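# Observations on the three-dimensional arrangement
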Amino acid sequence: MGPARRLSALEQDVWAVFRQATKHDPHVYVGDVHASDPEMALLLAKEQYARRDPCVNLWVVRYSQIFATDYGDADMFRPATDRSFRFGGSHRDQQRVYREAGRRRDDEE
Amino acid sequence: MSDHTHTEDPERLAEFEARVAAGEQVETGEWMPGEYRQEALRLIQMHANSEIMGAMPEREWIPRAPTLSRKMALTAKVQDEVGHAQLLYRVAETLGRSRVQMIADLIEGRSKFHNVFHYPAETWADVAVIQVFVDGAAMQTQGALRSSSYAPYARVMKRICYEEDFHIRLGLDVYRTLADGTPRQRAMLQDAITRWWVPLLHFFGMPDRVSPHTEKMLRWRLKVKSNEELRQQFLRKFVPIIQEAGFTVPDPALRWDEASQRYAYAEPDWEELKRVGRNQGPKSAERLALRQDYHRRHRWVREAVERWGLLAA
Amino acid sequence: MGAALREWLLRAADDELIIGHRHSEWTGFGPDIESDVALSSIAQEEIGHARLFYEMVCRVDGAGDPDRLAFGRPPGEFRHAVLVERPNADWGTSLLRLFLYEHFDRARLEVAAQSTYRPLADLAGALRREEKYHLLFGEAWVRRLGAATEESGERMRAALAAVWPDAMDLVEGTEADALLAQSGALPQTPEALRRAWTEGVAVVLAESRLPVPEVAPAAEGLRGRRGQHTVDLDALLGEMTSVRRLDPQARW
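Now for a description of the structure that goes with this document. (Residues numbered from 1 in each chain as written. Chains lettered and ligands numbered in written order. Predicted model: local features only at pLDDT ≥ 70, side-chain atom pairs only at ≥ 80, totals over all residues. Heavy atoms only, no water.)

### Quick notes on the overall build of chain A
- Helix and strand counts for chain A stand at two helices and five strands.
- Reading chain A from its N terminus to its C terminus gives the helix and strand order β-β-β-α-β-β-α.
- Across the 109 residues that make up chain A, the buried fraction comes to 30%.
- For chain A, the accessible area works out to roughly 7,700 Å², and carbon and sulfur atoms hold 53% of it. (Helix = DSSP H or I, 4+ residues; strand = E, 2+ residues; numbered from the N terminus. Buried < 20%, exposed > 50% of the residue type's maximum accessible area, 1.4 Å probe, protein only. Areas by Shrake-Rupley, 256 points an atom, 1.4 Å probe, with all protein chains shown as cover.)

Written as structure tokens, this is what we have:
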């Protein structure tokens, strides 16, 4: 992997906004706001990104603090060899046995 | 702005074009041809400008909206347009120009905004026409742009289209209420339709010449459909909304051609569109002056915010 | 009792409508795009709250509809404080007014949440959720503008001096208050409300380097709670009702 790429060192007043819809959900990146400081960024993010969509919590992160991989390296995320062993997908019979075992017990109860 | 030509490494360019042709999208920070960046910036900046300028005709009617629910809905609608400007300026920023710079470009008349926002909103019926037909027209182009090759643009277009869809529904409610209303209300609506017809035809631009430039924009998927294609798409959907409510389209030549599945219409005066494009529309100067005025009045607020940010950092 | 309660409800409804109207005039012209969006939400919510209070007035009356109350009354029947009818001057003054009003509204809703009139207690509880953000937004702006630069501090001190006499009108009472306090419908006197409000704003103002001006009684003739308003309200209502007046019998 190449060196971590700072998304932007210049945009001091730009914040990435992460919205958590319910406590069961992770915080998800939804967009950016311009703001002078974190408190104002949170206040402004609420109306720009949560005035319609459900929200229980917001994060804001200064852009200059975000590091990213390079799109030039995107191919390294693409498997070159068979990785199905990671998913258990090749063990379909076992999956069926496993699922039905649970169902039989549920039916008995 | 676009007078210097870009010479690109032909191999890189070919690889880029092959990727875009295969339906791949371009992300911020990825290599892109200089001309692609410049054209994408020009388009998205103009789109952002149009959202913030597009707030102006309708916001004039917020204080006069005739019921409490209309007042809330119209305020929320104009707010959405302002919010779209926020999203779009941010996308434009990723192509290399700061929002501060773009706001300056706008109010000093160096960048453009869409033709329809250079016209006055004279009556409450204009609110209905703007929300149904102007937003309906915008929906045709924006809907197509969801498959733009510039990924950040395509992403925000999804949210924008989702919100525009509310606007059209809300607008149709205002429209139907006037259409089902008193003779005076109907007359008001007919008058607004008549005044907005030509700007609506203009909205999609002149029929495309088959120029190498247009071809390139389409190839790069910065433009997704041709002007005429989008105009016909609009007419098919919106002419019936006018006619079925018993209103008249102010074009005696307008007719549906079954064979070609297209509307024939009288060619509007394209010179007017060019004048409007040079900020010489009926409301261009007044609206830009008003923006400049507020920008000046907010100077001390911007300075205070900036100072506070430095103190807080 | 019914009349006193009605009067109290109209005050709240009219306050919310008129300040919501003033806030909505900023939509499209905020000092930055994000703050424009945020204040617009506040405007919409205030107008929404007004409608809920008007509905309650209709319930007390046993007739009527919120739109008729909002658009169909002459200025003298409005019961909002004069503070909220003043035209927007600059962003600082509007946000200072928002801050002063929201502090008052919080104190008012706290009392209303304890009302023995159950529908009001329930409504007040719900509204407090939205008003919380309004107050945070107002405070954030007042703190920043009060202390950021020399110019912003000067402008905000001038703004405070200008709006303070009108702000006193927020906590003016009438004969209705005594009745409501006695009956338990609104278990607080105007004096207690005034104290709660003044103490609340004074802390933030002091921290924002905005000393509270000498407390002056509202100027004569500024008695919004008694239906005495300024020409600013005539102009506001003239504009607000202009479309509806084209044909008051029509559906809009």
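### Some remarks on the interface of chain B and chain C
- Tallying the contact residues gives 46 residues for chain B and 51 residues for chain C.
- Summed over both sides, the interface between chain B and chain C buries roughly 4,200 Å², with carbon and sulfur atoms accounting for 68% of that surface.
- A per-residue breakdown of the area chain B buries against chain C is headed by L68(B), W300(B) and W308(B), which together make up 19% of the total.
- Between E34(C) and R99(B) there is a salt bridge, and its shortest N-O distance comes to 2.7 Å.
- Viewed at the interface, chain C and chain B are joined by 16 residue pairs in polar contact (both at pLDDT 80 or more).
- Breaking the side of chain B that touches chain C down by element, the ones donating at least two residues are α2 (34–59), α3 (68–93), α6 (151–179), α7 (183–202), α11 (284–297) and α12 (299–312) of chain B.
- Counting residues per element, the side of chain B that touches chain C draws most heavily on α3(B), which supplies 13 residues.
- Looking at side-chain class alone, the side of chain B that touches chain C contains 24 nonpolar, ten polar and twelve charged residues. (Contact = heavy atoms within 4.5 Å. Buried area = accessible area lost by both parts, 1.4 Å probe. Salt bridge = Lys/Arg side-chain N within 4 Å of Asp/Glu carboxyl O. Polar contact = N/O pair within 3.5 Å; in protein donor to acceptor, adjacent residues only side chain to side chain. Nonpolar A, V, L, I, M, F, W, Y, C, P; charged D, E, K, R; others polar.)

### Here we look at the pairing of strand β2 (residues 14–20) of chain A
All names here are of chain A.
- With seven of seven residues buried, β2 is to be regarded as a mostly interior element.
- Along β2, one buried face is formed by V14, A16, F18 and Q20 and the opposite face, lined by W15, V17 and R19, is buried too.
- Pairing geometry for β2 and strand β3 (residues 28–34), over six bridges, is antiparallel. By the bridge assignment, W15 is partnered in β3 with V33.
- Where β2 lies against strand β4 (residues 57–62), six bridges are found, and the strand directions are antiparallel. Paired with Q20 across the two strands is N57, which belongs to β4. (Pairing = 2+ DSSP bridges.)

### Remarks on the sheet that holds β3(A)
- Strand order in the open sheet made by the three strands is β3-β2-β4 (chain A), with antiparallel pairing throughout. The outermost strands of the open sheet, each flanked by one partner alone, are β3 and β4 of chain A. Neighbour to neighbour, the strand axes of the sheet diverge by 30° on average, direction disregarded.
- Relative to β3(A), α3(B) is tilted by about 90°, and along the sheet it contacts β2 and β3 of chain A. (Axes fitted to C-alpha atoms, helices over the stretch in contact; angles between N-to-C directions.)

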